[in-house]
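Coordinates in review
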Amino acid sequence: MNRALIVIDVQESFRARPLWETISDPKIAEQADRLVQLARRAGDLVVWVLHTDPGSGDVFDPALGHVRLIDGLERAEGEPLLHKTSHNAFTTTNLQQILTENGVRELTICGIRTEQCVETTTRVASDFGYQVTFVTDATATNPIAHRDAPADQTVAELLADPRTLPADEIIRRTEYALAGRFATIATVAELEAAAADQA
């Protein structure tokens, strides 16, 4: 086993936030599950990562019950489930140890917050020497407010502000920054087709 799929933050915490209505792909769990099924058929390791912020009182506080996989996703027996408190999946977990123990050298990465948790994990993985595939259509994100926008703005105000960076532009910029330098950019369909060709 020299490959692993890392599924990052595809958790109910995000669906519990008002900002969920702006998510770039409300069916992100279905896309992630396609990759999970593909990885399992290939005998690759699947690692689940959830973001947690204990004691915060917000949707990432485990005490509120939202820090769990989005309904429709299921972890199989033996698949690691890690809880992180940093943006990338390595810094506050034993992810690298798990990958090393399993002889993993190639990573496929997907999840929520295309430009944040998924991208930073991709960059750190690349720095550690992993060959990384960033599955762009198995990531999702929200529009980003302008730095001068009020912290308490509503979703409607966010969307109405012409300075807001739209989700599709965030995804495009993330692909552009990662491609060929930190990762190979791929789609779910491309990975499925490649697996079918190898079968």
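Quick summary incoming for the structure in this document. Because the structure is predicted, anything quoted here is derived from the model rather than measured. (Residues numbered from 1 in each chain as written. Predicted model: local features only at pLDDT ≥ 70, side-chain atom pairs only at ≥ 80, totals over all residues. Heavy atoms only, no water.)

A few points about the overall build of the protein chain
The following threshold applies: Runs of E in the DSSP output that reach at least two residues are strands. Runs of H or I that reach at least four are helices, and both are numbered from the N terminus. Both definitions apply: the radius of gyration is a C-alpha atom measure, and the globule rule equals 2.2 Å times residues to the power 0.38. Any residue under 20% of the maximum accessible area for its type is buried, any over 50% is exposed, and the rest in between are partly exposed; the area is computed with a 1.4 Å probe on protein chains only. Residue contacts follow a heavy-atom distance rule, with two residues in contact if any of their heavy atoms lie within 4.5 Å. In short, Shrake-Rupley with a 1.4 Å probe defines the accessible areas, and a residue's cover is counted only from the protein chains shown.
When helices and strands are counted, the protein chain shows 7 helices and 6 strands. For the protein chain, whose C-alpha radius of gyration is 17 Å, the value lies close to the compact-globule estimate of 16 Å for 199 residues. With the C-alpha coordinates aligned to their principal axes, the bounding extent of the protein chain is approximately 50 × 35 × 30 Å. Out of the 199 residues belonging to the protein chain, those deemed buried represent 48%. The contacts in the protein chain between residues at least 6 apart in sequence include a share of 74% that link residues at least 24 apart. For the protein chain, the accessible surface area stands at approximately 9800 Å², while carbon and sulfur atoms represent 48% of it.

Thoughts on the packing of helix α2 (residues 28-42) against helix α7 (residues 188-198)
The angle between the axes and the distance between the axes are what describe a pair of packed helices. Condition: Note on geometry: axes are C-alpha line fits, over the in-contact stretch for helices, and angles between N-to-C directions span 0 to 180 degrees. Any angle between 65 and 115 degrees counts as roughly perpendicular, while under 35 counts as roughly parallel, over 145 as roughly antiparallel, and the rest as oblique. When the near helix sits turned anticlockwise from the far one by under a right angle, the crossing is termed left-handed; a clockwise turn instead gives a right-handed crossing. Each residue is assigned to one class: nonpolar for Ala, Val, Leu, Ile, Met, Phe, Trp, Tyr, Cys and Pro, charged for Asp, Glu, Lys and Arg, and polar for all the others, Gly among them.
The N-to-C vectors of α2 and α7 enclose an angle of 20°; their axes lie 10 Å apart at closest approach. One way to sum up the angle between α2 and α7 is to call them roughly parallel. Relative to α7, the crossing made by α2 is left-handed. Between α2 and α7, the contacting residues are Gln 31, Arg 34, Leu 35 and Leu 38 on the first element and Val 188, Ala 189, Leu 191, Glu 192 and Ala 195 on the second. Here the contact of α2 with α7 is built from residues that sort into 6 nonpolar, 1 polar and 2 charged.

Structural notes on the nonpolar core
Where we set the bar: Nonpolar cores were defined as sets of buried Ala, Val, Leu, Ile, Met, Phe, Trp, Tyr and Cys residues, with membership established by side-chain atoms within 4.5 Å.
In this structure, Leu 5, Val 7 and Val 10 are the most contacted members of the largest nonpolar core, which totals 27 residues. Looking at this core, the elements that each hand over two or more residues are β1 (3-8), α2, β2 (45-51), β4 (106-112) and β5 (131-140). Aside from chain neighbours lying at most four places away, what touches Leu 5 is Leu 35, Val 36, Ala 39, Leu 45, Val 46, Val 47, Thr 108 and Cys 110. Formed by 23 residues, the second largest nonpolar core is a distinct cluster that contains Ala 4, Ile 6, Leu 82 and Ala 125.

Section: the pairing of β1
Note the threshold: Strands are treated as partners if at least two bridges between them are detected by DSSP.
Burial within β1 is extensive, with 5 of its 6 residues counted as buried. Of the pairings in the sheet, the one linking β1 to β4 comprises 6 bridges and is parallel in character. If you follow Ile 6 over to β4, its bridge partner there is Ile 109. Across 5 bridges, β1 lies against β2 in parallel orientation. Counterpart to Ile 8 in the pairing with β2 is Val 49.

Notes on the packing of aromatic side chains
Applicable threshold: Two aromatic rings, drawn from Phe, Tyr or Trp (for Trp, its six-membered ring), form a pair once their centres lie within 6.5 Å of each other, and the interplanar angle then sorts them: stacked below 30 degrees, edge-to-face above 60, tilted otherwise. Put simply, a charge is over a ring when the Lys NZ or the Arg CZ is close to the ring centre, within 6 Å, and near the line of the ring normal, within 35 degrees.
Going through the model one piece at a time under the given rule, you end up with 3 aromatic pairs. Both rings, one in Phe 14 and one in Phe 60, keep their centres 5.2 Å apart while their planes meet at 75°; by these two values the pair is edge-to-face. Of this pair, Phe 14 sits in helix α1 (residues 12-15) while Phe 60 sits in the loop between β2 and β3 (81-84), and the two are 46 residues apart along the sequence. The class of Phe 14 is buried, set by a relative accessible area of 4%. Overall, the relative accessible area of 11% leaves Phe 60 in the buried class. Ring centres 5.3 Å apart and planes at 75° place the aromatic pair Phe 90 and Phe 128 in the edge-to-face group. On the criterion of sequence distance, the pair formed by Phe 90 in the loop between β3 and α3 (95-101) and Phe 128 in the loop between α4 (114-127) and β5 is long-range, its members being 38 residues apart. The partly exposed category is assigned to Phe 128, whose relative accessible area is 38%. Through successive ring pairs, a cluster of aromatic residues spans Phe 90, Phe 128 and Tyr 130. Directly above the aromatic system of Tyr 130 lies the positively charged group of Arg 105, at a separation of 4.6 Å from the ring centroid. Over the aromatic face of Phe 182 sits the side chain of Arg 123, whose NZ or CZ is 4.4 Å from the ring centroid.

Description of helix α6 (residues 167-178)
Basically, it comes down to this: A helix is expected to span 1.5 Å for every residue after the first. Here the arc refers to the directions that run from the helix axis out to each C-beta atom.
Relative to the 16 Å expected for 12 residues at 1.5 Å per residue, α6 spans 17 Å between its end C-alpha atoms, a close match to the ideal helical length. Those residues of α6 that fall on the buried side of the exposure criterion are Ala 167, Ile 170, Ile 171, Thr 174, Ala 177 and Leu 178. In an axial view of α6, the angular spread of the buried residues amounts to 130°, which keeps them on one side of the axis. Facing away from the buried side of α6 by more than 90 degrees, the exposed set consists of Asp 168 and Tyr 176.

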